[in-house]
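Residue-level structural notes
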Amino acid sequence: MKKRHLAAAVATVATLVALTGCTGGSDAPSGAGVPTDTPITLKVWSWDGTVKEAVPGFEKLYPNITVDVINAGSSTDEYTALDNAIQAGSGVPDIAMFEYFSLPLFAIPGKLTDLSEFGAEDIASDYVDAAWGNVTIDGKPYALPSDYGPAALFYNQAVLAEAGVTEPPATWDEFYEAAKKVRALGGDHYITNDSADIFLLLSLIWEGGGRPFTVDGSNVKIDFTDAGTTRAVEYWQRMLDEDLVNTKVTGWSDDWNRGLNEGTIATQIIGSWFTSTLPERAPDAAGDFRIAPLPQWEAGETSGSENGGSAMAIPADAKNKEAAYAFLEYFTHGDGLQSRIDAGAFVPNLSNLDDETFLGTTNEFFGDQKYNEVLAESSKNVATGWQYPPFFGWARTSYEDVSAPLYNSGKGTLADVLETWKQRSIEYGNEQGFTVE
Amino acid sequence: MSSTSSTVARRTRVYTLANPRKSTTLTLLTGLFALYCLLPMVWLVINASKSQQDFVSSFGLAFGDHFALWDNVVQVFTFQEGIFARWLLNTVLYVVVGALVSTFLAALGGYALAKHDFIGKRVFLLVVLGSISVPGIALAIPQFLLFAQLGITNTPWAVLIPSFINPFGLYLMWVFTAQAVPDGLIEAARIDGAGEFRIFRQIAFPLLAPATVTVLLFSFVSIWNNYFLPLIMLKDPAWYPLTIGINQWNKLGSTAGNGELIQNLVITASLLTIIPLVIAFLSLQRYWQSGLALGAIKD
Amino acid sequence: MSQQLLAPPTPAANAAPDRTSLRVRRRPKVGLLFIAPFAVLFLFVLIIPIGYSAYISLFQNKLIGGNAFVGLGNYIKLFNDPQFYDGAIRVVVFTAIQVPIMLISAIALALAIDSLRLHGTKFFRVVVFLPYAIPAIVSTLMWGFMLGIRYGLIGSLNEAAGTSFDPFAPETTMISIGVMVTWGFTGYNMLIFYAALRAVPRELYEAAAIDGANEFHIIRHIKLPALRGSLIVTIIFSIIGTFQLFNEPNILATLVSNSGITSYYTPNLYAYNLAFTGSQQGYAAALAIVMALFTIAIAYVVQIKGMKNVLNK
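As the structure is a computational prediction, the values presented were derived from the model and not from experiment.

**Brief notes about the interface of chain C and chain B**
Between chain C and chain B, the contact holds 107 residues from the first and 111 residues from the second. Buried area between chain C and chain B, summed over both chains or domains, comes out near 10,800 Å², and the portion from carbon and sulfur atoms is 76%. Among the residues chain C hides against chain B, the three largest losses belong to C:Phe34, C:Phe38 and C:Arg117. Together they make up 8% of the total. Between the two partners, chain C and chain B, sit 0 salt bridges. Remark: the boundary between chain C and chain B carries 12 residue pairs in polar contact (both at pLDDT 80 or more). With 20 residues, helix H3 (residues 28–56) of chain C is the single largest residue contributor to the side of chain C that touches chain B.

**Re the nonpolar core**
Of all hydrophobic cores here, the largest spans 192 residues; its most connected members are B:Trp249 and C:Met190. Counting residues per element, this core draws most heavily on helix H4 (residues 69–115) of chain B, which supplies 16 residues. In this structure, B:Trp249 is in contact with B:Val76, B:Phe79, B:Gln80, B:Ile83, B:Phe84, B:Trp87, B:Ile262, B:Leu265, B:Val266 and B:Ala269, ignoring residues within four places of it in sequence. Counting residues in hydrophobic clusters, the runner-up holds 149 residues, among them A:Val51, A:Met97, A:Ile314 and A:Val436.

**Looking at the packing of aromatic side chains**
Residues and elements named next belong to chain A. In this structure the tally under the stated criterion is 86 aromatic pairs over all chains. Taking the centre distance of 4.8 Å and the plane angle of 0° together, the rings of Trp 206 and Trp 386 count as stacked. Of this pair, Trp 206 sits in helix H8 (residues 198–207) while Trp 386 sits in the loop between helix H16 (371–380) and helix H17 (392–409), and the two are 180 residues apart along the sequence. The exposure class assigned to Trp 206 is buried, which follows from its relative accessible area of 1%.

**Some points on the sheet that holds strand S14 (residues 435–436) of chain A**
Within a beta sheet, neighbouring strands are joined by backbone hydrogen bonds and run either parallel or antiparallel to one another. Taken in spatial order, the 3 strands of this open sheet run S8-S9-S14 (chain A), and their pairing is mixed. The open sheet has two edge strands with one neighbour each: strand S8 (213–216) and S14 of chain A.

**With respect to the environment of A:Ser203**
Residues and elements named next belong to chain A. Note on placement: Ser 203 falls in helix H8. On the accessibility criterion, Ser 203 (0% relative accessible area) is buried. Setting aside its immediate chain neighbours within four residues, Ser 203 contacts Ala 151, Ser 305 and Glu 306.

**Considerations on the interface of chain C and chain A**
The interface of chain C with chain A comprises 28 residues on the first partner and 34 residues on the second. Summed over both sides, the interface between chain C and chain A buries roughly 2,600 Å², with carbon and sulfur atoms accounting for 46% of that surface. The largest share of the area that chain C buries against chain A comes from C:Leu63, C:Arg150 and C:Tyr151, three residues that together contribute 29% of it. The interface formed by chain C and chain A holds 1 salt bridge in total. Across the pair C:Lys77 and A:Glu431 runs a salt bridge, and its minimum N-O distance is 3.1 Å. The interface formed by chain C and chain A holds 9 residue pairs in polar contact (both at pLDDT 80 or more) in total.

**Quick notes on the layout of surface pockets**
Quantified by volume, the second largest pocket comes out at close to 710 Å³. If you go around the second largest pocket, you meet 34 residues; those closest to its centre are A:Asn246, A:Thr247, A:Lys248, C:Ser257 and C:Asn258. Sorting the residues of the lining of the second largest pocket by element identifies helix H9 (227–241), strand S10 (245–246) and H17 of chain A as the ones contributing at least two each. At 4 residues, H17(A) tops the list of elements feeding residues into the lining of the second largest pocket. Within the lining of the second largest pocket, the residues separate by chemical class into 12 nonpolar, 14 polar and 8 charged.

What counts, and at which threshold
- Here the residue index of a chain counts from 1 through its sequence in written order.
- To read the labels, note that chains go from A and ligands from 1, taken in the order they are written.
- Thresholds applied to this predicted model are a pLDDT of at least 70 for local features of residues and 80 or more for the giving and counting of side-chain atom pairs; totals over whole chains, interfaces and linings are not thresholded and use all residues.
- Just so you know, side-chain values use all the structure's heavy atoms and leave hydrogens and water out.
- Whether two residues are in contact is decided by their heavy atoms: any pair within 4.5 Å suffices.
- Throughout, the accessible surface (probe 1.4 Å) given up by two parts as they are put together, summed over both, is called the buried area.
- Should a side-chain nitrogen of Lys or Arg be within 4 Å of a carboxyl oxygen of Asp or Glu, the pair is scored as a salt bridge.
- Here a polar contact is recorded for every N or O atom pair within 3.5 Å, except that within protein the pair must consist of a potential hydrogen donor and a potential acceptor, and residues adjacent in sequence are included only if both atoms are side-chain atoms.
- Counting from the N terminus, the helices are the DSSP runs of H or I reaching at least four residues and the strands are the DSSP runs of E reaching at least two.
- Take the buried Ala, Val, Leu, Ile, Met, Phe, Trp, Tyr and Cys residues and link them wherever side-chain atoms come within 4.5 Å; each set so joined is a nonpolar core.
- The buried label applies to any residue whose accessible area, calculated with a 1.4 Å probe on protein chains only, is under 20% of its type's maximum; exposed applies above 50%, and partly exposed to all values in between.
- In this analysis, rings of Phe, Tyr and Trp, with Trp reduced to its six-membered ring, are considered paired at centre separations within 6.5 Å, and the interplanar angle assigns stacked below 30 degrees, edge-to-face beyond 60, and tilted for intermediate values.
- When DSSP locates at least two bridges between a pair of strands, those strands are taken to pair.
- Cavities and pockets are defined on a 1 Å grid built over the protein atoms alone: a cavity is a set of grid points where a 1.4 Å probe fits but cannot escape, while a pocket is an open set with protein on both sides within 12 Å along at least five of seven lines, and lining residues are those with an atom within 4 Å of any such point.
- Grid points are joined across faces, edges and corners, and a volume is the space filled by probe spheres set on the points.
- Residue polarity follows a fixed list, in which Ala, Val, Leu, Ile, Met, Phe, Trp, Tyr, Cys and Pro are nonpolar, Asp, Glu, Lys and Arg are charged, and the others, Gly among them, are polar.

In short, shape yes, function no, at least from these values alone.
This is how it looks when you write it as structure tokens:
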């Protein structure tokens, strides 16, 4: 282990020990009251494949604990399963994975455990501020961040060069100019695609200081007219109007893979986790892609936003909470973290973002660029204060419906779409018992 | 008697009823439909032979640079510590038990509907139709809760028990039984003193061979392809049937995040799962050819 | 017995003189015993959950504040919900067009294969059935490719012919779905008809031949009537199944953009999204029950008209 990392690990253990005042077993870092004599099986639901890397190390520390990592479905599938299990009163896992935006949905009705009872607040400063902000609801931590997705610009430098763009765009104005040049290449060439991708739009709004959602307990305020939001919306409207963005390709579809592969989609504004999956989607473009920070609204600024990322929480109905927290802390913050990073996880832990080995990682797909330097910087620049409305899962589906006429047939404007979305959300949220305006 | 009629037939036509003249036009027309059926499957076979890289970069109906079928098959069986084989075994279990039991229950029930009267027959039919008119989606959670009360969620029973009900099979057996089993036979057997179940087993059932085989085959396929309810009921990959497992592999690459893109494995796995169905179909085919009822209705 | 062979054959050929049928029919207890296994399981697997579903349809689920009893509130909301009507009308129109096409094709195919006048009968039998054996996720992937306009077959055809037909534009998406559904289920229905045809006693054909009937007479007077029972069944079940259209729009929504597929594209899809992303289980249950009532009304009419003979025994 690198010195800095070791220091961080020792500090964590020391903190835990000091906090609980327990000297515990000889080898195991002490979590308050983690049973070490009775056999325990921890059930962990995670579609993140790197979590299982941390299991062997943990099981060695706690020989009486067996950890079962199961993929109980991705995203909505898992949330449904969790709700079903809670309703049925059986089969609730000890740890479950959540995308950041879905945490409020479970936290607010009390389905998750407040982790401050295990001392989670003491490790808050080990994370990028925005990441910790994501897991804090009503001032309490309900999860630990397990991976992170600062938005960055992934660009195919060969295609941009062909279009006459030699430097990656540093501002959105430059991006606009570059978009025109790429379009001029003719055929199906576009600088990027957007088929009503709400995360893309929100990441632009977020970066520019827009805060359309304000959540306070069960009060939600939605407003798409603040300065940061309006600027982003007008910008993107122009991109749509001038046919600078491919609206006929959906992200994560076969067409999208092929577009990236052959270069007809030149860039992606997407989360850092894209580094592990882009190479398999665009093998023919190996060596051509590079990563740059997100273009800024004003030259010289260093703002950022997120596009995805997830955290791990302990359901309120879980049976073995102490043991669960021990493992949770282990693989998101403690000794188990490195094995996950080695397996490709991108985490918002400052210890990692400052780690030299991490920063020196290169990959020939990205032309041996030290891309983690860009991504670490981007992580630290993520603007704080962002909130998702608690019913975002529903809102997301509703957005697809509401934006269809615009993207399918060019009817209406993006601002109109957002206004309709706001009205629908107000209706839905109030029906659901929130106070939304 | 048969030979007499075919002799007669031979005087008016060159060909017999059992072996008529083949029509090229008809074959061509049917062939067009067969093409419609086969084309997507040709796609499946071609793409199962491509590596992931080739899949992304080549045209759908052309072969890739590198013939990777064997590699893909090996990978399918070794990916995620060989869970595919387990899924295959699970599916076989669900299908064999489910198809046999559901077909048997449908046959029993169909026979009752066709040949017996019982109280509430009409209500029963109405209720059956009404129940299957309810979209399964809406029932999934109540069914889950019910099974959870009994503690059988996340076990094979959660998949098997719902599969024992085959309303379509019931209706089919009803219709076929009404058509293929003459009352007179049953009557005769009763006069001879045979018990009801024996009549069903020895007289009606053999006559229903094509129907039973059809229902069995359909049941086989539909349980094999069962997706939604098992998805809700099972949370342990060790008990997944193939459909859920393959779907999960597919979702790895098609949801936002850093899941692996293994379309080549998804396609190869799909091809592999079709093979047992084809084999089942081919081996059950001959039941359609048996001359039915013929021997039974003798004066 | 020979009396029966020469009489116009119908599936209720055993609707013989009443004296016989009365003796056959009067065994109520036996009937119950035979139907019991199915009925008991049916009660457990379907009836009880439906009952529970009906119960929860009387509640509104709130994320904050739990469940509130609203009586028929969900149903009233449903009747004023334009999204529901959008999906319902779509599915009814789709069914009215797709089901006849599919069943007529299935009958034609069954007749063709049964006629033994095809070269390679066995081949056709297997091939036509195969689409049904393919799981929805796989077939949607395949069709997504076939009908793709950028990298798919249609794309290449468009290039070759200079056209720009898009099978997944909002106006054409339902047609494409129709193509997919017909592809998947024609073989299935064909087999049912084929099995029914195979059950026709060969002696009927021989007798008809003696009487001088040609192929068309045989089809019209022997084969088609023989299909009556299975036709009723397939119509009913096709209507029920098609009203519940879900898989294709659900998967296509992620594969293609600008297809016009909304979260309420079909009632079943709407119910799914309501329950699983909107946490509105009560409303979804109300939707499901209304759809079920509507479906069964239609299916029952078909059954009554078609099965008059058999039911009235």
